[in-house]
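Secondary and tertiary structure notes
Single-letter residue listing:
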Amino acid sequence: MTSKTFHVIENEWIPLKDGTRLAARIWMPDDAGPGATVPAVLEFLPYRKRNGTAPRDESTYPVFAAAGIAGVRVDIRGSGESEGVIDGEYTPRELSDAVEVIEWITAQPWSNGSVGMMGISWGGFNCLQVAALKPPALKAVISIASTVDRYNDDIHYKNGTHLSAQFSWAATMSAYQSRSPDPEIAGERWRDMWLERLEQEPFFMEEWLAHQRRDAFWEHGSICEDFDGFPVPALVIAGWADGYRNTPLKAVAGMPDKAKALVGPWVHKYPHFAYPKPRADFHAEAIAWWRRWLCGEENGAEQVPQVRAYILDGPRPARWREADPGYWIAKDAWQEPEAITLALGASGRLEGSPRATASGTAALRSPLDTGIAAGEFFTLKPDSEMAGDQRLDDAGSLTFDSEALGEECVILGQPVLKLRLTSDAPLANLAARLVDVHPDGTATRVCYGVLNLAHRNSNAEPQVLKPGAPVDVELVLDACGYRFAPGHRIRLSLSSAYWPTMLPPPYDATLDIDLSSVELALPLLGDHRRIDVPEPANPDPLPRYETLEKGSSARTVERDLENGVTRYRVSEDTGLNRHPGNGLGARDIVEQVWSISPGDPLSMTAEIMSICITAREGWEARTRSTMKLSCTETEWIVSERMEAFHDGRGVFERERSARIPRDHM
């Protein structure tokens, strides 16, 4: 069925077996005739369909509906107007609720019995996880900026290092889940629902810190635990400018008969409106995918190359990266890439074989504020959230360069670093960055990897280092697609700190690197073909809302030389924006301060203040939350204060805190 017209159901209540009602917004194709049925695509999120994801929903679901595909956007339990209280992240109850929603969809008289599921980030995660549960009606998924390994490829931990993104995301979720339902949908119960959420919202950071190693908590929802059992076709999409860049290649390697990969130059956004450009025509991609697997249309979607990737061609750090130079390639079948191995020659430069091997050791003890040019783990804008000129961080790192290249070197995949080192402390971290050094010295980060050296052999059973005893280390860096041009140099940068991206262990360790052991394997692009990936016809697909007050953003680094403190500050204000259809206004204000004293890892602190405003004419609900993180040698210390206001009057206050033992971290 193809339909040129559709209608929108602003709110539909979906009842669950336990009596909880979930709130859905549905874009429904108009009937093509008596008894006509249509497939549906579900997106299941905690981000508020009413005034959270509405702009991107309204850029996509009308297009799906016009193509004869219903869009069902559902707020998960305890978010938006959905009843109940959220109980965590990707929990069994959340996934079970999603399965019930799929069953509800297929029971509707308009349903053809086939459902797809899609999403970015949270929705990209849970569509893979729900598919792994094998609900019969779920026929295909599109997963964007997601993970197949919740421990190593999410905002919590990475190879045993404690990511600062975990704390910032805990603060974000606390703020998001504190927001009020819209009385226009929830009715007179809105205030009771709001207070129930405020009282029962989980303490996300405490729960996540209770699982500092890869245990059953993280295995749950990690589909890499059973790639062979994954049941449906999956289109897996990511961007090189995002922290969630490994999943497409891991998916096609783990389930080659099910997965297709598309990786562009993008930040953490849908590819039809993401930066840096070029964009991809996500709507056409998705419609073809859905019509193939939800309607049985023989349109060749299954014959799309297994991997399509944008090869970055020497982008330069900038305050705003509108577009990145490069080109699209396709690999019809993904195979483990052939690698070129670089090692340190006698001159100390990175060289291929044959070579005279370097000798001796080099001491590495980075200033603890090394890492301020790293940008964000997941980037939402192509500005200072992206990695900057790496010369700032190289000053606190050991750097090893190749000679200027005589010919291009093009890579696609995950570089692997091997080396031998000793540490003078039982716990230490290591960060490695692959850098493109331009002829004028500008340094572009290609990718990076981090490792808690206690996790060198296992993320499930970490082991402390024996000071002075040599250990062999393998560090797999994040995936990348990159062309090192002739005249450029390849740089390997090593640091023992990468703050605030990863938080420091309790010791300011010195690492001695055995120079003869350093090997960097770069995955070569290999056989491929150049392709064109169509861009969307509409260069500005997001709807415009009413801006009542303008927003702002700032990111600064302050070095207090008198007191020996570095502060990393982030300020974000979305401004006050009102949906022209439902009249609901929203504003989010966030202030982050990360601080550390170089030389004292126990001085690390973080504080995040969030204000969330939901309002319409004559009514306002506002929350203010403040979360703090600090540490001792043996504990993480986290606290939260939450305040809620209705029309300016306080209606709720809560304070809670926790001290969680550090576990090899």
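Throughout what follows, the structure given in this document is the object of discussion. This one's a predicted model, so the numbers in the text were calculated from it and none came from an experiment.

This brings us to the overall build of the protein. In terms of regular secondary structure, the protein is built from eleven helices and 34 strands. On C-alpha atoms alone, the protein measures out to a radius of gyration of 25 Å, which is about the 26 Å that the 2.2 N^0.38 rule sets for 665 residues. Taking the principal axes of its C-alpha atoms as reference, the protein extends roughly 80 × 60 × 45 Å. Expressed as a percentage of its 665 residues, the buried residues of the protein come to 62%. Within the protein, contacts between residues separated by at least 24 positions form 73% of all contacts whose residues are at least 6 apart in sequence.

Turning to the packing of helix H2 (residues 92–107) against helix H3 (residues 122–132), a few remarks are in order. Running from N to C, H2 and H3 point in directions that differ by 75°, and their axes come no closer than 10 Å. In terms of their interaxial angle, H2 and H3 are classed as roughly perpendicular. Each of Glu94, Leu95, Ala98, Val99 and Ile102 in H2 lies in contact with H3, whose residues at this interface are Trp122, Asn126, Gln129 and Val130.

It is worth spelling out the side chain of arginine 491 at this point. Within the secondary structure layout, arginine 491 lies in strand S23 (residues 489–495). Within polar-contact distance, the side chain of arginine 491 engages the side chain of aspartate 401 at 2.7 Å. Not counting residues within four places of it along the chain, the set of residues in contact with arginine 491 comprises Leu350, Asp394, Thr399, Phe400, Asp401, Arg433, Leu434, Val435, Val437 and Ala443.

Note that the residue after lysine 277, namely proline 278, is joined by a cis bond; omega there is 15°. Mapping proline 278 onto the fold places it in the loop between strand S10 (259–264) and helix H10 (282–295). Cis geometry is adopted by the peptide bond preceding proline 500, which originates at tryptophan 499 and carries an omega value of 5°. Structurally, proline 500 is set in the loop between S23 and strand S24 (511–523). For alanine 145, which is not glycine, the phi dihedral falls at a positive 50°. You can see alanine 145 is positioned in the loop between strand S6 (138–144) and strand S7 (157–158).

Mapped onto the elements of the fold, histidine 156 is located in the loop between S6 and S7. If near-sequence neighbours (up to four positions away) are discounted, histidine 156 is found in contact with Glu89, Arg150, Thr161, His162, Leu163, Gln166, Trp208 and Trp218.

What follows is about the nonpolar core. Ranked by size, the top nonpolar core spans 182 residues in total, and within it Leu42, Phe64, Val141, Ile142, Trp290, Leu417 and Leu434 carry the most contacts. It is H2 that contributes the most residues to this core, seven residues altogether. Residues contacting valine 141, with those up to four places away along its chain left out, are Met117, Cys127, Leu128, Ala131, Phe230, Val232, Pro233, Ala234, Leu235, Trp289 and Trp290. In terms of nonpolar packing, the next biggest core, distinct from the first, is built from twelve residues, Ala186, Met193, Leu198 and Met642 among them.

Reading the values: rules and limits
Residues numbered from 1 in each chain as written. Predicted model: local features only at pLDDT ≥ 70, side-chain atom pairs only at ≥ 80, totals over all residues. Heavy atoms only, no water. Helix = DSSP H or I, 4+ residues; strand = E, 2+ residues; numbered from the N terminus. Rg over C-alpha atoms; globule rule 2.2 N^0.38 Å. Buried < 20%, exposed > 50% of the residue type's maximum accessible area, 1.4 Å probe, protein only. Contact = heavy atoms within 4.5 Å. Axes fitted to C-alpha atoms, helices over the stretch in contact; angles between N-to-C directions. Parallel < 35°, antiparallel > 145°, perpendicular 65-115°, else oblique. Polar contact = N/O pair within 3.5 Å; in protein donor to acceptor, adjacent residues only side chain to side chain. Core = buried A, V, L, I, M, F, W, Y, C linked by side-chain atoms within 4.5 Å.

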